[in-house]
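This is what each chain is made of:
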There are 2 protein chains.
Amino acid sequence: MVIVGAGFGGLETATHLKDVPVDVTVVDRNNFHTFQPLLYQVATSGLNAADVAYPVRGLLRRYPTAVFRRAEVTGVDWDTRHVLLDGDATLPFDYLVVAAGACTNYFGIPGAAEYGFPLYTLRDATRLRNHLLGRFEAAAARQGLVDEGALTFVVAGGGPTGVETAGAVAELIDAVLRKDFRGALDVDQARVVLVEMGDSLLPAMRPGSRRHAAETQAGRRVELRLGTRVESVDATSVKLAGGEVLAAHTLVWAAGVQANPLAARLGVECGRGGRIRVAPDLSVTGRPGTFAVGDIAQVGGPAGHTLPGLAPVAMQGGRHVADAIAACVAGRTPGPFRYRDKGTMATIGRAAAVAELPWGPRLWGTPGWLAWLGLHLWYVMGNRNRLSVFLNWAWSYLTWDRGPRVIFEPDQPARPAPD
Amino acid sequence: MVIVGAGFGGLETATHLKDVPVDVTVVDRNNFHTFQPLLYQVATSGLNAADVAYPVRGLLRRYPTAVFRRAEVTGVDWDTRHVLLDGDATLPFDYLVVAAGACTNYFGIPGAAEYGFPLYTLRDATRLRNHLLGRFEAAAARQGLVDEGALTFVVAGGGPTGVETAGAVAELIDAVLRKDFRGALDVDQARVVLVEMGDSLLPAMRPGSRRHAAETQAGRRVELRLGTRVESVDATSVKLAGGEVLAAHTLVWAAGVQANPLAARLGVECGRGGRIRVAPDLSVTGRPGTFAVGDIAQVGGPAGHTLPGLAPVAMQGGRHVADAIAACVAGRTPGPFRYRDKGTMATIGRAAAVAELPWGPRLWGTPGWLAWLGLHLWYVMGNRNRLSVFLNWAWSYLTWDRGPRVIFEPDQPARPAPD
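Residues numbered from 1 in each chain as written. Chains lettered and ligands numbered in written order. Predicted model: local features only at pLDDT ≥ 70, side-chain atom pairs only at ≥ 80, totals over all residues.

### Structural notes on the overall build of chain A
For chain A, the count of helices and strands is eleven helices and 25 strands. On C-alpha atoms alone, chain A measures out to a radius of gyration of 22 Å, which is about the 22 Å that the 2.2 N^0.38 rule sets for 419 residues. Taking the principal axes of its C-alpha atoms as reference, chain A extends roughly 70 × 55 × 45 Å. Per-residue burial for chain A yields a buried fraction of 53% across its 419 residues. Of the contacts formed within chain A by residues at least 6 apart in sequence, a portion of 63% connects residues at least 24 apart. (Helix = DSSP H or I, 4+ residues; strand = E, 2+ residues; numbered from the N terminus. Rg over C-alpha atoms; globule rule 2.2 N^0.38 Å. Buried ≥ 20, exposed ≤ 12 C-beta atoms within 10 Å, placed from the backbone. Contact = placed C-beta atoms within 7 Å.)

### Quick word on the sheet that holds strand 25 (residues 362–364) of chain B
All names here are of chain B. In space, the three strands of this open sheet follow the order 23-24-25, with antiparallel pairing throughout. Because the sheet does not close on itself, it has two edges, and the strands there are strand 23 (344–349) and strand 25. For this sheet, the mean inter-axis angle between neighbouring strands, taken without regard to orientation, is 5°. Strand direction decides the pairing type here: strand 23 and strand 24 (residues 352–356), joined by five bridges, are antiparallel. Pairing of Ala 346 across the sheet is with Val 354, part of strand 24. Seen against the sheet, helix 8 (residues 207–218) touches strand 23, strand 24 and strand 25 and runs at an angle of roughly 170° to strand 24. (Pairing = 2+ DSSP bridges. Axes fitted to C-alpha atoms, helices over the stretch in contact; angles between N-to-C directions.)

### A few points about helix 10 (residues 365–379) of chain A
Residues and elements named next belong to chain A. With 15 residues, helix 10 extends 21 Å between its outermost C-alpha atoms, agreeing within 8% with the 21 Å of an ideal straight helix rising 1.5 Å per residue. Among all positions of helix 10, only Gly 368, Trp 369 and Trp 372 are buried. For helix 10, the angular spread of buried residues about the axis comes to 100°, placing them on one side. Along helix 10, exposed side chains directed more than 90 degrees from the buried face belong to Thr 366, Gly 374 and Trp 378. Looking at the buried side of helix 10, the elements it contacts are strand 23 (344–349), strand 24 (352–356) and strand 25 (362–364). (Expected span 1.5 Å × (residues − 1). Arc of directions from axis to C-beta.)

### Remarks on the nonpolar core
Across soluble globular proteins, you tend to see nonpolar side chains buried next to one another. In this structure, Leu 251 of chain A together with Leu 251 of chain B are the most contacted members of the largest nonpolar core, which totals 273 residues. Contact partners of Leu 251 of chain A, with chain neighbours within four places excluded, come to Tyr 115, Gly 116, Phe 117, Val 154, Ala 156, Val 230, Val 233 and Val 238 of chain A. (Core = buried A, V, L, I, M, F, W, Y, C linked by C-beta atoms within 7 Å.)

### Concerning the domain arrangement of chain A
Residues and elements named next belong to chain A. Domain boundaries assigned for chain A yield domain 1 (2–104 + 257–329) and domain 2 (112–255 + 344–399). Taken together, the 28 residues of domain 1 in the interface contact 27 residues of domain 2. Broken down by secondary-structure element, the contributors of at least two residues to the side of domain 1 that touches domain 2 are strand 3 (32–34), helix 2 (39–43), strand 4 (53–55), helix 3 (56–60) and strand 10 (102–104). The element that contributes the greatest number of residues to the side of domain 1 that touches domain 2 is helix 2, accounting for five residues. (Domains from an automatic or database assignment.)

### Quick look at the interface of chain B and chain A
In this complex, chain B contributes 57 residues to the contact, which on the side of chain A involves 57 residues. Counting only elements with at least two residues in the side of chain B that touches chain A, the list comes to strand 4 (53–55), helix 3 (56–60), strand 5 (66–70), helix 5 (122–141), helix 7 (160–180) and helix 11 (383–399) of chain B. Sorting elements by how many residues they give to the side of chain B that touches chain A places helix 5 of chain B first, with eleven residues. Grouping the amino acids of the side of chain B that touches chain A by side-chain chemistry returns 27 nonpolar, 14 polar and 16 charged. (Nonpolar A, V, L, I, M, F, W, Y, C, P; charged D, E, K, R; others polar.)

Structure representation (structure tokens):
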């Protein structure tokens, strides 16, 4: 069988199939799993890129039935039941799990795809980091750039990614770049503007947490623009609905994702944002032996709404699909997927976070922050990465410093690799 | 005053000027200092890229007289005494220190510049890592590539860089990739071939150490080709003088460097490899107030020979230049530079190295390796990086594993940055 994608959903499926008599091939374009919830910290020089990337082959070492194939999936031939890969290769399958994730949705806003900085892949994160630090270097060399928006960072989207990114950018500026550019730049001219369409941040949370998040961010140099949205963007400005024009060289796009374009090429029924519609057992209707899981799937929750694109949803879905395939192999009928809500959380900055548990309790400030740290540390893949993340966090907390604030833009491979 | 280059020579100069009444501007194209002696470990997945890169602004924080400017130096206007930067910017100077380092010297060998992988910058290191791991992934997808040379890694140059790289590639294959590709690839088909023009490895060392290095490497899957050289290279083969043709997708070029091309644009006298000829006090003849230090300078040693391009030479030279400038500022005449040889060392692999001290003693095997580890750990810039390097090494040693074996090829910045 074939699993497309080595994200949370795909890897959970693969590892939970270890006692099921099937040969598993995990296909991904990257040879590493990306721990997406911490990408914003890579973008803001809090973590190394390698801290949130774990080699898939290393993860699958302990699972002798699973192998990895580095390739881009281009489609599926349903008649012969083969997954089509780049370079004209194919992989036969009996069971297929589509866990290819999402990509950024710019909603057709003029300039957003060209000038916006998304934050969904590791490349996105290092690109944003290079750009952000590069704007400070450019402004230090030519002060006039400040008025032209070099130090104004607009973040679109008031969900967890937008809130965390805006908070981390503000903190990087105040705690680190202020010292780095002392004498060269008046860092107080830097602005972080968070734009959210709705009338509050973190719309998935309860009103008290929303207010707390907004108040904390406003106290930490993040300017809030609620009830408006980005109308257009170019290299030096961001225009908001209502007419405000911000001189800004940077728009971080955290306002939405849509299904990986692979979904549209599969000839299956898709719903909102191009997500694959799945049956209650996460199987794809009309495609026997096929399941979809994670951000590429539109999964219904207990109250009839669609479950959000979060790691816990993908991971629980992956475990369910592994069980469903085990049931099919054993000749049984899979049961429906039931999502157990574990709550939601978002950091706002140093010693500040909001966390809500599904049965009621909420944690704000330092307790919420510590809960966030512990939970994310627990879920980072690999003990070496876990240790490195922990040390980076401890270092940053104790020294008010950031480590890897390097502008490092590797070349494209110069040598044509024969394949 | 201006210091061109934030390598070992430039930074030592800048930091040792802290009590001298001069305003120092350090210019570098990168906003980070690269710890070059460990680049081969980045290339072979032993260390993160960030472990060997330290932000220059962070290093200069404690030196209030020094500021950093991220720019590419394109030349010097000697009449007006300005350093010319990219983007039509300039920096005036009274004193100038040229510490711009070196670049790879391919000696005009056909194909070497196009197909060879140098190992002098951080970009070089990550590009080689991506290529090396990518060849294993490609061979796992198509076995036929093995016969075509996908798993044959030729290293040109038997000096410390070549010896260390060949040893580290062999170790990566045997200790790590063997497990990663179990079932997918017969890793014993991989070859590491080290080509050296002279009749022994490490020609700067004494005969006993040379023999020990050669014997240790030969016992660790490194095939030696001594007394020959690379005659030409293309995408799939390396041809040696004498006629041997190796089917190989990879040629690591550790066979020589030459001065940064900036040297040729300064209108000063250059010697071997384009290096700037300097007076005994490291000043540049005919250019008052100008000094050259590190790999870009041709510095004579006590026995009349040219000092090698090593970090200790650059660092001692930097300290000397700081003293010389202090003398000039105080109206005194600078004395001559005297290099204190601290010995040479090279790792061969796990628990194996050769180290020679100038007054006689030599350390081979585990003692040499521990001396190497300790010395390099000591010289890595920044406590955070030091801790990270130490943990990576300890982790690799204890688990026989490597951390960051990820193929990560960031895009070029998609958004045009206004400057």
